[in-house]
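Okay, here's what each chain looks like letter by letter:
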Amino acid sequence: MVTVKHKIGDSIKWTIKAKDSSGANIDLTGFTVNIDAYPENSKIPLFYYSSDVGSTTGSISITNITNGVIEVLVKNTDSFREGDYLCDVQYIDSDGFKSSSSNFKLKVLRWI
C-alpha cells in the first residue's frame, strides 16, 4: 500500500490519474469522482470531497476528462489530526456504476 506523508498546516495538491486494469487512462466523461480519508478504526472522515458538490475547505475536480486526470486540493489542513488514515477514490459513471481505487495511506504528521 502506498503511503503519502503530509504535515498539518500544509496545503494538499494531488494529481491523480484514473487507470483501468490494463494501465490505460479512463475517460471520465459523465463521471462523478469522490475522495475520502478515514482513520483506520473509525467511521468519522478526516475529509470527504465530491466533484459534483462544492466545498469551501477543499475540492476534487476532473482536470482532463478524456485522460482521466483529477486534482485534489485542500488549502487549509490546520484542523487535521495526527495519525494514519485510509484514502480511496471512487468513480461513479453516468449509469450509477461505482468502482474504487486501491486504498492508499495518508500519514498526517504534526507541524514542527
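As shown above, the structure is provided for reference.
Residues numbered from 1 in each chain as written. Predicted model: local features only at pLDDT ≥ 70, side-chain atom pairs only at ≥ 80, totals over all residues. Heavy atoms only, no water.

**Q** Which parts of the structure should I look at to understand the nonpolar core?
**A** One recurring pattern in soluble globular proteins: nonpolar side chains tend to sit buried together. Formed by 24 residues in total, the largest nonpolar core has its most connected members in Trp14, Ile35 and Phe47. With four residues, strand S7 (residues 83-92) is the largest single contributor of residues to this core. Not counting chain neighbours up to four residues away, the residues in contact with phenylalanine 47 comprise Trp14, Ile35, Asp36, Ala37, Phe80 and Leu106. (Core = buried A, V, L, I, M, F, W, Y, C linked by side-chain atoms within 4.5 Å. Buried < 20%, exposed > 50% of the residue type's maximum accessible area, 1.4 Å probe, protein only. Helix = DSSP H or I, 4+ residues; strand = E, 2+ residues; numbered from the N terminus. Contact = heavy atoms within 4.5 Å.)

**Q** Which parts of the structure should I look at to understand the side chain of threonine 32?
**A** For threonine 32, the location among the structural elements is in strand S3 (residues 32-39). What makes threonine 32 buried here is its relative accessible area of 19%. Sequence-distant contacts of threonine 32, defined by excluding residues within four places in its chain, comprise Ser50, Ser51, Asp52, Gln90, Tyr91 and Ile92.

**Q** Would you mind showing me how to read the pairing of strand S2 (residues 12-17) here?
**A** On a regular strand, each side chain points to the face opposite its neighbour's, so the side chains alternate between the two faces of the sheet. The side-chain alternation of S2 yields one buried face, formed by Ile12, Trp14 and Ile16, and one unburied face, formed by Lys13, Thr15 and Lys17. Relative to strand S6 (residues 69-74), S2 runs antiparallel, the two sharing six bridges. Directly across from threonine 15, in S6, lies its bridge partner glutamate 71. (Pairing = 2+ DSSP bridges.)

**Q** I tried to follow the packing of aromatic side chains on my own but got confused; where do I start?
**A** Aromatic rings considered in pairs are described by the distance between their centres and by the relative angle of their planes. Applying the stated criterion across every chain yields a total of three aromatic pairs. Their ring planes at 75° and their centres at 5.7 Å tell us that tryptophan 14 and phenylalanine 104 sit as a pair that is edge-to-face. With tryptophan 14 in strand S2 and phenylalanine 104 in strand S9 (residues 104-109), the pair connects residues that are 90 residues apart, well separated along the chain. By the burial criterion, tryptophan 14 is buried, and phenylalanine 104 matches it. Each ring, one from phenylalanine 47 and one from tyrosine 49, has its centre 5.4 Å from the other, and the planes form 20°; the classification is stacked. There is no split in this pair, since phenylalanine 47 and tyrosine 49 are both buried. Members of the aromatic cluster, connected to one another through ring pairs, are Phe47, Tyr49 and Phe80. (Phe/Tyr/Trp six-rings, centres within 6.5 Å; stacked < 30°, edge-to-face > 60°.)

Any link to function would need more than the numbers given here.
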